[in-house]
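# Survey of secondary and tertiary structure
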Amino acid sequence: MADITDIKSILYTEKTLGMQEDGIIVVQTSPRMTKSGLKEVFREYFGIIPSRVNSLNQSGKVKKFRGMTGKQNDFKKFYVQLPEGAQIESLAV
């Protein structure tokens, strides 16, 4: 079952800020989150039922630090389209 703690962050970049004007929020979550789970979290905690949810699995980058090779964590991104006229007050920029 999905929980609000599975949401890591809301992504704020140039591209995502432009998408927010169209009512699309980009959410970074843990890899175990599902579309239906994310819809449930939005309904429970924000009182909004998303009209569309698209997901993207993002694998972590391989980086070198002081000669040692390491890998960043994998995560999942969701593009959540809110219904027309709906806005989440706590996420407003």
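For the structure itself, consult the block above.
Residues numbered from 1 in each chain as written. Predicted model: local features only at pLDDT ≥ 70, side-chain atom pairs only at ≥ 80, totals over all residues. Heavy atoms only, no water.

## Thoughts on the pairing of strand E4 (residues 62-65)
Formally: What makes two strands pair is DSSP finding at least two bridges between them. The numbering of helices and of strands both runs from the N terminus, where a helix is a DSSP run of H or I of at least 4 residues and a strand a run of E of at least 2.
Of the strand pairs in this sheet, E4 and strand E5 (residues 68-71) are connected by four bridges, and their pairing is antiparallel. Note that in E5 the partner of Val 62 across the bridge is Lys 71.

## Considerations on the nonpolar core
The condition is simple: To define a nonpolar core, start from buried Ala, Val, Leu, Ile, Met, Phe, Trp, Tyr and Cys residues and group those joined through side-chain atoms within 4.5 Å. Burial classification: accessible surface area is computed with a 1.4 Å probe over protein chains only, and a residue below 20% of its type maximum counts as buried, one above 50% as exposed, and the rest as partly exposed. Two residues form a contact once any of their heavy atoms are found within 4.5 Å.
By size, the foremost hydrophobic cluster in this structure holds 15 residues, and its most contacted members are Val 27, Met 33, Leu 38, Phe 42, Val 80 and Leu 82. Among the elements that take part in this core, helix H2 (residues 35-46) stands out by supplying three residues, more than any other. Apart from residues lying up to four places away in sequence, Met 33 is in contact with Ala 2, Asp 3, Asp 6, Ile 7, Leu 38, Val 41, Lys 76 and Phe 78.

## Digging into H2
The condition is simple: In a helix, the anticipated span is given by 1.5 Å times the number of residues less one. This arc is taken over the directions from the axis of the helix to the C-beta atoms.
The terminal C-alpha atoms of H2 lie 16 Å apart, and with 12 residues this matches the ideal 16 Å at 1.5 Å per residue to within 8%. By the burial criterion, the buried members of H2 are Gly 37, Leu 38, Val 41 and Phe 42. Projection of H2 onto a plane perpendicular to its axis shows the buried side chains occupying an angular sector of 140 degrees, all on one side. The first or second residue beyond H2 is Gly 47, which carries a positive phi of 75 degrees.

## As for unusual backbone geometry
Its identity as a non-glycine residue notwithstanding, Arg 66 has a phi of 55 degrees, on the positive side. Take Arg 66: it is sitting in the loop between E4 and E5. We classify Arg 66 as exposed; its relative accessible area is 76%.

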